[in-house]
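These are the residues of each chain, in order.
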Amino acid sequence: MSGVPTYHVLALSGGGYRGLYTATVLAELERALGKPLAKHFDLICGTSVGGLLALGLAKEISAADLKALFEKRGCEIFGKRTLLRRVLGFWWKAKHTHDGLRTVLKDTFKDDLIGHLKHPVLIPAVNYTTGRGQFFKTPHYKTFETDLHMSLVDTALATAAAPVYFPLFRNHRGVFADGGLVGNAPGLFGLHEIRTFFPDGKVANVRVMSIGTMTIGATIRGNAPLDQGLLRWKAGLFNLVISAQASSVNYMLLQSLGTDYFLIDDEATPDQSKDVKDLDVVTQASTNTLRDRAMHAAQKSLGDQRFQAFREHIAMKPVFYHGPNRNCEE
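Residues numbered from 1 in each chain as written. Predicted model: local features only at pLDDT ≥ 70, side-chain atom pairs only at ≥ 80, totals over all residues. Heavy atoms only, no water.

Student: Summarise the pairing of strand β1 (residues 6-12); cite the residues concerned and give the values.
Tutor: Within β1, six of the seven residues are buried, which leaves the element mostly enclosed by the surrounding structure. Pairing of β1 with strand β7 (residues 205-211) involves seven bridges; the strand directions are parallel. Its bridge partner being in β7, V9 is matched across the sheet by V208. The pairing of β1 with strand β2 (residues 43-46) spans four bridges and is classified as parallel. What sits directly across from V9, in β2, is L43. (Buried < 20%, exposed > 50% of the residue type's maximum accessible area, 1.4 Å probe, protein only. Helix = DSSP H or I, 4+ residues; strand = E, 2+ residues; numbered from the N terminus. Pairing = 2+ DSSP bridges.)

Structure follows, in structure tokens:
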């Protein structure tokens with residue numbers, strides 16, 4: 001069908017420090033393509049740590065620099081816990097404060113707003129004030145005229161407020177919890193966004209590339225007690241939510257798009273699971289495992305025939321209806 005647009009979506013999953021896997025894949029792909037990855041995608045979606053990466057790519061921060069944030073400042077984000085939080089963690093207080101993450105975000109994004117981004121984004125969070133999903137977006141549709149005033153720092157803190165790991169995040173828009181509660185793998189949201197809000201999206205050709213965080217299926221051991229309270233669940237409940245969501249979304253996207261859906265992810269081996277099972281463990285072992293597996297995944301993806309369409313695609317000039325990058329009348 002002539003004249004039908006083709007849109008490419010990049011979807012980045014959440015996963016705490018396991019985002020180093022995602023960032024390493026992104027850095028290798030960007031190195032091979034020789035230009036900012038955002039130029040190859042018409043929409044970038046990211047949840048939790050994937051949201052941080054999505055905002056960085058849309059700001060055209062190099063993927064190599066985003067990877068370096070994990071390598072150089074991972075302990076600053078996840079490693080600081082007061083004695084009170086060590087004692088009360090999981091019971092009364094979140095394991096970590098926002099302080100380290102906020103500092104890293106501020107150093108990275110400065111005072112930039114969503115409206116300053118030159119590439120369309122969709123960042124899921126949960127608005128705990130309303131009890132509904134909240135999707136922060138660039139003004140790429142005529143009715144999207146509120147989120148552009150959100151700072152990138154606040155947006156990242158909202159989507160990354162993982163239960164148990166970080167406190168809820170409050171700003172002038174409400175109280176927010178981690179986007180992983182509504183869509184840890186945001187590719188399905190990206191497909192819906194294109195179909196609903198992009199020009200000729202209903203008839204467009206759409207391809208989605210999703211990058212995970214080394215999938216670890218949350219499972220129960222054969223001899224585990226079935227009657228579990230807070231002490232036994234700990235962070236396992238949140239891990240189960242994001243694991244089950246990711247597998248469901250991957251299945252639906254594969255059924256909907258077939259070969260136009262490309263997933264980059266790895267299952268951790270039993271030995272490697274010990275290194276990267278927890279979302280906030282920053283050790284040399286976890287760093288090595290995440291980087292090494294990501295390097296292999298990137299190399300494999302670059303040689304995959306399905307990746308060639310993403311390599312060759314150059315995103316159309318985005319349409320923005322509001323803000324400093326406005327280029328379209330309502």
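Moving on from the coordinates now.
Student: Describe in detail the packing of aromatic side chains, supporting the description with residues and values.
Tutor: For any pair of aromatic rings, the description consists of the separation of the ring centres together with the inter-plane angle of the planes. Summed over all chains, the structure comprises 12 aromatic pairs. For the ring pair F135 and F189, a centre distance of 4.8 Å and an interplane angle of 65° mean the geometry is edge-to-face. Taken together, the residues F135 in strand β4 (residues 132-137) and F189 in helix α8 (residues 187-197) connect sequence positions 54 residues apart. Since its relative accessible area comes to 26%, F135 is described here as partly exposed. (Phe/Tyr/Trp six-rings, centres within 6.5 Å; stacked < 30°, edge-to-face > 60°.)

Student: Describe the environment of P324, with residues and values.
Tutor: Its place among the elements puts P324 in the segment after α13 (307-312). Taking the relative accessible area as the measure of exposure, P324 reaches 59% and is therefore exposed. Sequence separation of P324 and G115 is 209 residues, and the distance between their C-alpha atoms is 6.6 Å. Among all residues touching P324, those that are not within four sequence positions of it are G115 and H116. (Contact = heavy atoms within 4.5 Å.)

Student: Could you give an account of the pattern of salt bridges, with specific residues and numbers?
Tutor: Should their charged atoms come close, side chains of opposite charge can pair. As enumerated under the stated definition, the model contains 14 salt bridges in all. Salt-bridge contacts for E71 lead to R291; the nearest nitrogen and oxygen are separated by 3.0 Å. Of this pair, E71 sits in helix α3 (residues 63-78) while R291 sits in helix α12 (residues 284-302); the two residues are 220 residues apart in sequence, bridging distant segments of the chain. Classification of E71 as partly exposed rests on a relative accessible area of 33%. Since its relative accessible area comes to 24%, R291 is described here as partly exposed. Here R173 ties to D147 by a salt bridge, and the two come within 3.0 Å at their closest N and O atoms. Here D147 lies in the loop between β4 and α6 (152-159) and R173 lies in the loop between β5 (169-171) and β6 (174-177), a separation of 26 residues in the sequence. Using a relative accessible area of 10% as the deciding quantity, one classes D147 as buried. (Salt bridge = Lys/Arg side-chain N within 4 Å of Asp/Glu carboxyl O.)

Student: Describe α6, and please don't skip the residues or the numbers.
Tutor: In terms of residue burial, α6 counts as a mostly covered element, since eight of its eight residues are buried. The complete set of buried residues in α6 reads L152, V153, D154, T155, A156, L157, A158 and T159.

Student: Give a detailed account of the environment of R18, specifying residues and quantitative values.
Tutor: Considering the arrangement of structural elements, one finds R18 in the loop between β1 and α1 (19-33). Its relative accessible area of 7% is what places R18 among the buried residues. Here the alpha-carbon distance between R18 and K277, two residues 259 residues apart in the chain, equals 8.9 Å. Non-local contacts of R18, meaning those with residues more than four positions away in its chain, are made with T213, M214, I216, V276, K277, L279 and L290. In terms of polar contacts, R18 uses its side chain to reach the backbone carbonyl oxygen of T213, at 2.9 Å. From its side chain, R18 meets the backbone oxygen of V276 in a polar contact 3.2 Å long. (Polar contact = N/O pair within 3.5 Å; in protein donor to acceptor, adjacent residues only side chain to side chain.)

Student: Please give an account of helix α2 (residues 49-58) that cites residues and values.
Tutor: Of all 10 residues in α2, 10 are buried, a share of seventy percent or more. Taken residue by residue, α2 has V49, G50, G51, L52, L53, A54, L55, G56, L57 and A58 as its buried positions.

Student: Help me get a handle on the packing of α3 against helix α5 (residues 99-109), residues and values and all.
Tutor: Interaxial distance between α3 and α5 falls to 8 Å at its minimum, and their mutual angle equals 145°. From α3, L69, R73, E76 and I77 reach across to α5, where they touch G100, L101, T103, V104, D107 and T108. By residue class, the composition of the contact of α3 with α5 is four nonpolar, three polar and three charged. (Axes fitted to C-alpha atoms, helices over the stretch in contact; angles between N-to-C directions. Nonpolar A, V, L, I, M, F, W, Y, C, P; charged D, E, K, R; others polar.)

Student: Describe the nonpolar core, naming the residues involved and giving the relevant values.
Tutor: L10, L26, L29, M209, I211 and I264 are the most contacted members of the largest nonpolar core, which has 68 residues in total. In terms of residue count, the dominant contributor to this core is α1 (eight residues). Grouped together as the second largest cluster of nonpolar side chains are 17 residues, L43, L191, V208 and L253 included. (Core = buried A, V, L, I, M, F, W, Y, C linked by side-chain atoms within 4.5 Å.)

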